[in-house]
Amino acid sequence: QVQLVESGGGLVQAGGSLRLSCAASRGGILSTYAMGWFRQNPGAEREFVASIDWTNTRTYYGDSVKGRFTMSRDNAKNTVNLQMNSLKPEDTAVYYCAADWRGGGTTTPTQYESWGQGTQVIVSS
């Protein structure tokens, strides 16, 4: 199992930007995995944000973030990134990255076998 760690979260005002990163602390090369970003608030279900298939040919976004968020890979650094622009208060959540070995970029969190611990994003009004 690949071990993942997220970074880049923080406090930002509405309209601002943040860039999240997900790295493999041990156990795998992320280019062989579909990678996903999910977010979750207390008492709520985990929400799909973005994903990219393991072949790096297809990218998917949740309806609430389309046009504002961009997911990408940096294989030289063995990381995946989530660029978040035009942030809104409703984007406030803990953001998690996940890995699915040779996956197709499913939006279903239960199909990912490895998860990071999350990074907090707070967007103030």
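Only a predicted model underlies this, so the values are computations on that prediction, with no experimental measurement involved. (Residues numbered from 1 in each chain as written. Predicted model: local features only at pLDDT ≥ 70, side-chain atom pairs only at ≥ 80, totals over all residues. Heavy atoms only, no water.)

## Considering the nonpolar core
Piece 1. With 27 residues, the main nonpolar core has Met35, Trp37, Leu82, Met84 and Tyr95 as its most contacted residues.
Piece 2. Counting only elements with at least two residues in this core, the list comes to strand E3 (18–26), strand E4 (33–40), strand E5 (47–52), strand E7 (69–74), strand E8 (79–84), strand E9 (93–101) and strand E11 (119–124). (Core = buried A, V, L, I, M, F, W, Y, C linked by side-chain atoms within 4.5 Å. Buried < 20%, exposed > 50% of the residue type's maximum accessible area, 1.4 Å probe, protein only. Helix = DSSP H or I, 4+ residues; strand = E, 2+ residues; numbered from the N terminus.)

## A look at the environment of Val121
Piece 1. Counting through the fold element by element, Val121 comes out in strand E11.
Piece 2. For Val121, a relative accessible area of 0% gives the class buried.
Piece 3. Once the C-alpha coordinates of Val121 and Phe48 are considered, the two residues, 73 residues apart in sequence, prove to be 15 Å apart.
Piece 4. When near neighbours in sequence (up to four residues on either side) are disregarded, Val121 contacts Gly9, Gly10, Leu18, Leu20, Met84, Asp91, Thr92, Ala93 and Tyr95. (Contact = heavy atoms within 4.5 Å.)

## Comments concerning the side chain of Asp100
Piece 1. Turning to its location among the elements, Asp100 is positioned in strand E9.
Piece 2. When near neighbours in sequence (up to four residues on either side) are disregarded, Asp100 contacts Tyr33, Ala34, Thr106, Gln111, Tyr112 and Glu113.

## Brief notes about the pairing of E7
Piece 1. Of the two faces of E7, only the one carrying Phe69, Met71 and Arg73 is buried; Thr70, Ser72 and Asp74 on the other face are not.
Piece 2. Sheet topology note: the E7/E8 ladder contains six bridges and is antiparallel. Bridge pairing links Arg73 to Val80 in E8.
Piece 3. Counted between consecutive antiparallel strands, the loop separating E7 from E8 contains four residues, among which Asn78 sits at a positive phi close to 55°. (Pairing = 2+ DSSP bridges.)

## Considerations on the pattern of salt bridges
Piece 1. Evaluated as defined, the whole model comprises five salt bridges.
Piece 2. Across the salt bridge formed by Arg39 and Glu47, the nearest N and O atoms sit 2.9 Å from each other.
Piece 3. For Arg39, a relative accessible area of 5% corresponds to the buried category.
Piece 4. Here Asp91 and Arg68 are joined by a salt bridge, their closest N and O atoms 2.7 Å apart. Taken together, the residues span a long stretch of sequence, with Asp91 in the loop between E8 and E9 and Arg68 in the loop between strand E6 (59–61) and E7 at a distance of 23 residues. Of the two residues examined, Asp91 and Arg68, each falls in the buried class.
Piece 5. In the salt-bridge network here, residues are joined through shared partners; they are Arg39, Glu47, Arg68 and Asp91. (Salt bridge = Lys/Arg side-chain N within 4 Å of Asp/Glu carboxyl O.)

## What about the packing of aromatic side chains?
Piece 1. Scanning the model with the defined rule gives five aromatic pairs in all.
Piece 2. A ring pair is formed by Phe38 and Trp115, whose centres lie 5.1 Å apart and whose planes are at 50°; its orientation type is tilted. Linking Phe38 in strand E4 with Trp115 in strand E10 (residues 114–115), this pair joins segments that are 77 residues apart in sequence.
Piece 3. Above the plane of the ring of Tyr96 lies Arg46, whose end atom (NZ or CZ) is 4.0 Å from the centre. (Phe/Tyr/Trp six-rings, centres within 6.5 Å; stacked < 30°, edge-to-face > 60°. Lys NZ or Arg CZ within 6 Å of the ring centre and 35° of its normal.)

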